[in-house]
Amino acid sequence: MQIDRIRISNFKSISELDINFQEISGLWEINGIVGAGKTTIGEAIIFGLFGSVRGKTNDNLIHWGKKHTLVEIWLYCRSKHIYIRREINSYGQSPIRCTIDNEDLLGTNKRSLQNILETEWYDVNRNTIELLCIISFNNFKSLSTLNTSDSREFLNSTINFNKIDQYEEYCKNQIKDLRDKIHKYELDIRENEGALKALENNVPTRPKYNDIKEIDSLINNIKTELDILDKDYISIKKENEKELKSRYNSLKNASAQLKIAKDNLNKLKNGICPLCGADVTPEHLNKLNIDIESHTNAVSEYQKLYDDIEQKHKQVVDDYNKKSGEMNEKFNQLIIEKTKTSLYMDNIHALDDKRRRYISAIQSLKNSAGALDSEIIRWGKMLDFIKDTIRPTIIASLIPNINKYITYYMEMTHQNYKVYFDNSFKCMMTNPFNEPIPISSLSTGQKKIIDMVIILAFIKTFVSQIDFNIFFLDELISNMDADLRDTMCSLLHGIVEDHNIIFLISHSPIDSQYLDGIVKVSRNQDISQYTFEQL
């Protein structure tokens, strides 16, 4: 990101100021009395890029007595010319306009537009700019006392460790997504196991017979027995009917003979034969009575035989009806049992099919969950590799270079204690006896020297990583003695590149031999006035 120009109107103490950064380079001092407006240019750059200044509300950025502020900034980034125009109005809306190669950049609102700028177009983020580029003593975060979170944020901002964070986050998201899927699989497994258990608890009642073939065999046996019974019954029935017919004929003949005998006796009751007119003798009458008695006995005997045979036939019919009824009832019961068994077997087969489906589904879900567990292990290994290998390896590769410059700059400032970063990117300090010393034991001046040395080492190490052409060092060398201040300015002048500008703000005088220019800031009532002098 190369800032080419900034135009400021009614921003804090600045009434009107237009700076073309392409026309200046090197180490520049910004001097002036307290409150003259030395820091304001850096704050205007921050506001122009990000729409806010840490520790200040936008209303407080408006010039006293005015109701409107305007900051315009031109920059070159990602091979595009970007123009940003920001306004602050004490009334109504405070609009923003942005163009990329003269084409309007559109967003749904100011926040959306700012997010597009920072995520899609800026190649240096705000944290890096505020930690290493535009450093204000009032908002300065000492690099020697960064905690783990601050160190991580600094590395993310400075050397694109945020890319590693993105990979870590991607791995974590993959693991989370996989665990969510496993959880869903586990819910499905429990649902299927519950259904399987319910299936086991709802097995239909077992019928009397379990084998259809067995029932068919019993039914066929009954059919055979019924056929035999019918044949026997028909045979006996025919014999009985034949005998009944024979006995009936004998009874009928005997009854006819009896009737004839009785008729003859009635005809002879007058004692005279109706045919011949002769007298009837007692012997003749006696003979007729004997015949009648004989025929009567014969009729009685035949009737008894007929009744016996008829009773016997009735018993045969009753026995047949009873036995055939019992067999038919048994036959019908077997048909019912066959239906029950068939339905039972159908239900059992259906339950077996469901059971197999549930078991198969459970096994399939477990296999899928197992496969996802393996995926989680692989992503976990990748995450561990990034955290435990890639990040430490990159830090370890940077630490020696940073420490080399820190050692060099500490020697140049004639400090008799050692400052270095360990492999966890924690700042360590030791005395000449190699004993650790806490930073709290150092004086304010020593702490400033350490901070300045670390900043120089970082700028020297990361200047190729930070594509930003302006550095503001606000009050970081104030209160140093003249020799130390000269040393710091010499070091700063040595690291500034042709296309970079370092603005050094200090209340203490700076030897002009180290400077490429001076910005003199004065204040007329409440308006700052700036004079740029190339040396």
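Right above here is the structure, for reference.
My aim in this report is to walk through the structure given alongside it, one point at a time.

Basis of the calculations
- Residues numbered from 1 in each chain as written.
- Predicted model: local features only at pLDDT ≥ 70, side-chain atom pairs only at ≥ 80, totals over all residues.
- Heavy atoms only, no water.
- Helix = DSSP H or I, 4+ residues; strand = E, 2+ residues; numbered from the N terminus.
- Buried < 20%, exposed > 50% of the residue type's maximum accessible area, 1.4 Å probe, protein only.
- Contact = heavy atoms within 4.5 Å.
- Salt bridge = Lys/Arg side-chain N within 4 Å of Asp/Glu carboxyl O.

Backbone geometry at S79 places phi at a positive 60°, although glycine is not the residue there. Structurally, S79 can be placed in the loop between β4 (68–77) and β5 (80–89). You will see that N102, though not glycine, has its phi angle at about 70°, which is positive. Looking at the secondary structure, you find N102 in the loop between β6 (96–100) and β7 (103–104). Residue classification places N102 among the exposed residues on the basis of a relative accessible area of 73%.

Once that is clear, we can look at the side chain of H63. Inspection of the secondary structure puts H63 in the loop between α1 (40–50) and β4. What makes H63 buried here is its relative accessible area of 5%. The residues touching H63, leaving out its near neighbours within four places in the chain, are N10, F11, K12, S13, I14, T69, D526 and I527.

Counting across every chain of the model gives 23 salt bridges. For the salt bridge of K184 with D188, the shortest nitrogen-to-oxygen distance reads 3.3 Å. Remark: D188 and K184 occur in helix α5 (residues 161–201); sequence separation between them is four residues, near one turn of the helix. Where D291 meets K287, a salt bridge forms, and the shortest distance between an N and an O atom there is 3.5 Å. Taken together, the residues span about one helical turn, with D291 and K287 both in helix α7 (residues 282–412) at a distance of four residues. On the basis of relative accessibility, which here comes to 27%, the residue D291 falls in the partly exposed class. When salt bridges with common partners are traced through the structure, they connect R7, E72, R85 and E87 into a single cluster.

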